[in-house]
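# Structural overview
For reference, the chains in residue letters:
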Amino acid sequence: MFIPSISVRLYRPVALALEACGIPSDALFAEFGMPPPATAGWDARLPLPQIAGIWGRLLEVTGDPHFALRAAEHVDLTTCDVITYLEANAKTVREALLKKFEYLPMITDAIEWTLDSAEGEALLTLHERPARPPLAPVAEYLLAARHIFFRRFGPSHWRLRFVSFRHPAPDDTSPHERIFGMKPRFDAAMDQLGFDAALLEEPMRSRDAALADLLERYADHARSTVPSHVTFSARVQELLRSGVDPGIAVVARQLGVAPRSLQRTLTSEGTSYQEIANATRRAAAERLLRRNELAISEVAFALGFGDVSSFHRAFVRWTSATPGEFRSRHLGASFKEPGFGRLGAGPGE
């Protein structure tokens, strides 16, 4: 089965932070079969299951429970790659974020970001694929890196309104307060940064239009050379990513094979069509339910369910929670279900 992965390139700042502690980074990463981040190419990727082990080892060897925050401070144009340069040369904060979203699959398919705004507040939310219990150092590293990037290359008056994490508060939050300029909210529904929505239209500090055009052409070329997943399970997963399941016959036709042949191939890869369909539909459902402007009925119909009750039963089967319970857990107990969705249906459960 397809397993999400992360580019080794993302760990360049982590390697620098290790070296600053006097710890040889290459040797530590080699324990996990990981090449040196400083020299790794686009195709060097780390399977998601190794991430928890690596971060556990990082905290162990440094003896620093806040090492993830320290590593995020090494995020800079000199430690990252063309994608970071492209973001820094975007016209506005909004465009920089959209560039991040567009090129993120080049470096990882294990996370995604969403951007929402309401009542003058922009919300940048980190989502893990598949959804899983919070891994504190990963969330702290990624949210701190996003904030530090905009603090260095965004508008000079870049400020956060809040930062929230799903994991419990550590004993000492002073490193968080130093990085973010405030005490984060812990045990929250989302790993999230909140800031004034007006900042989205503010220009990036280092904008260079000519360089941005050159970088985009280079990034597009690099993206075209990144090896794609060639397994049939990965190709099926991509076709079903929207969450709508047209059936194995339709998918097999799109892939140019017979349904029985596709099923046999998937079995040889350790999975099945139904297993992939359920996993992708569940992931799409969770992704859409996190969008607070959508009614549950809209999510159900967007995923191809004929009625809300069918979606309700399927979601309980997948997660052992109702859609409403999932929203309360991830959007907060104060979340109010939209009265009517854009499709004109009631909210439903």
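Predicted model, so just to flag it, every value in this text is computed and none were measured.

Glancing now at the pattern of salt bridges. Using the criterion set out here, one finds 14 salt bridges in the structure. The partner of arginine 178 in a salt bridge is glutamate 73, with the nearest N and O atoms 3.0 Å apart. Linking arginine 178 in helix α8 (residues 174-180) with glutamate 73 in the loop between α4 (67-72) and α5 (82-88), this pair joins segments that are 105 residues apart in sequence. For arginine 178, a relative accessible area of 52% puts it in the exposed group. Residue glutamate 73 is classed as partly exposed on the basis of its relative accessible area of 25%. Across the salt bridge formed by glutamate 121 and arginine 161, the nearest N and O atoms sit 3.5 Å from each other. Taken as a pair, glutamate 121 in strand β4 (residues 121-128) and arginine 161 in the loop between α7 (136-153) and β5 (162-164) lie far apart in primary sequence, 40 residues in all.

With that out of the way, let us pick up the sheet that holds β4. Taken in spatial order, the four strands of this open sheet run β3-β4-β6-β5, and their pairing is antiparallel. The outermost strands of the open sheet, each flanked by one partner alone, are β3 (111-118) and β5. Geometrically, the sheet is characterised by an average inter-axis angle of 15 degrees between neighbouring strands, direction not taken into account. The sheet contact formed by β4 and strand β6 (residues 191-196) spans six bridges and is antiparallel. Bridge pairing in β6 links threonine 125 to glutamine 192. Contacting β3, β4 and β6, helix α6 (residues 93-103) crosses the sheet at an angle of about 150 degrees to β3.

What counts and what doesn't
Residues numbered from 1 in each chain as written. Predicted model: local features only at pLDDT ≥ 70, side-chain atom pairs only at ≥ 80, totals over all residues. Heavy atoms only, no water. Salt bridge = Lys/Arg side-chain N within 4 Å of Asp/Glu carboxyl O. Helix = DSSP H or I, 4+ residues; strand = E, 2+ residues; numbered from the N terminus. Buried < 20%, exposed > 50% of the residue type's maximum accessible area, 1.4 Å probe, protein only. Pairing = 2+ DSSP bridges. Axes fitted to C-alpha atoms, helices over the stretch in contact; angles between N-to-C directions. Contact = heavy atoms within 4.5 Å.

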